[in-house]
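Geometric and topological summary
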Amino acid sequence: MAKKTVRDINWAGKRALVRVDFNVPFERGSNRISDDIRIREAIPTINHLRDGGASVVLCTHLGRPAGNASPDLELGPIAERLATLLAAPVDYVHDAPGDEALVRARALQAGQVLLIENIRFWEGEEAND
């Protein structure tokens, strides 16, 4: 049996949860991304999903905050850079995996993108829960 990829699925009207690797480096002491190649490499997959009619929810980690929220590891600068690269708005929610993230994900329309907060802020992510 052949392994399916995102290209084998009809995404129209569906929501895709995509784990991306946006653990990018920042310029020391700033919130400026110094190398965005990991974000750029995810663009074809995100655009494929959007073009296929999916709403796209992205999750990633940044750094190693050990289950504790840390303002310097929030994903705001990544959401901004992603929006620039997509030439489209990227919704960003700080409350993940909470109720607000669920509500916002369910409200997405086809082609829209939501980035949820750094999943390493929650103990369950590192505990595989």
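Read on for an overview of the structure. Note that this is a predicted model, so its numbers are computed, not measured. (Residues numbered from 1 in each chain as written. Predicted model: local features only at pLDDT ≥ 70, side-chain atom pairs only at ≥ 80, totals over all residues. Heavy atoms only, no water.)

This part takes up the overall build of the chain. Secondary structure assignment for the chain yields 4 helices and 4 strands. Sequence-ordered secondary structure for the chain, helices as α and strands as β, is β-α-β-α-β-α-β-α. Whereas a compact globule of 129 residues would reach a radius of gyration of roughly 14 Å, the chain reaches 15 Å, a difference of no more than 12%. Across its three principal directions, the C-alpha atoms of the chain cover 40 × 35 × 30 Å. For the chain, contacts bridging at least 24 residues in sequence account for 70% of all contacts bridging at least 6. Accessible surface computed for the chain: about 7,800 Å², of which carbon and sulfur atoms make up 48%. The positive charge centre, built from 16 side chains, and the negative charge centre, built from 19, are 7 Å apart in the chain. (Helix = DSSP H or I, 4+ residues; strand = E, 2+ residues; numbered from the N terminus. Rg over C-alpha atoms; globule rule 2.2 N^0.38 Å. Contact = heavy atoms within 4.5 Å. Areas by Shrake-Rupley, 256 points an atom, 1.4 Å probe, with all protein chains shown as cover. Lys, Arg positive; Asp, Glu negative; His and termini not counted. Charge placed at Lys NZ, Arg CZ, Asp CG, Glu CD.)

The next point concerns the sheet that holds strand S2 (residues 55–59). Strand order in the open sheet made by the 4 strands is S1-S2-S4-S3, with parallel pairing throughout. Strand pairing shows two members of the sheet lacking a second neighbour, strand S1 (15–19) and strand S3 (90–93), which therefore form its edges. Put simply, the sheet's adjacent strands are angled 25° from each other on average, direction ignored. Sheet topology places S2 next to strand S4 (residues 113–116); 3 bridges connect them, and they run parallel. Its bridge partner being in S4, Val56 is matched across the sheet by Val113. In the packing of helix H1 (residues 37–51) onto the sheet, the strands contacted are S1, S2 and S4, and the crossing angle to S2 comes to about 150°. Along the sheet, helix H2 (residues 76–86) makes contact with S2, S3 and S4, crossing S3 at roughly 165°. (Pairing = 2+ DSSP bridges. Axes fitted to C-alpha atoms, helices over the stretch in contact; angles between N-to-C directions.)

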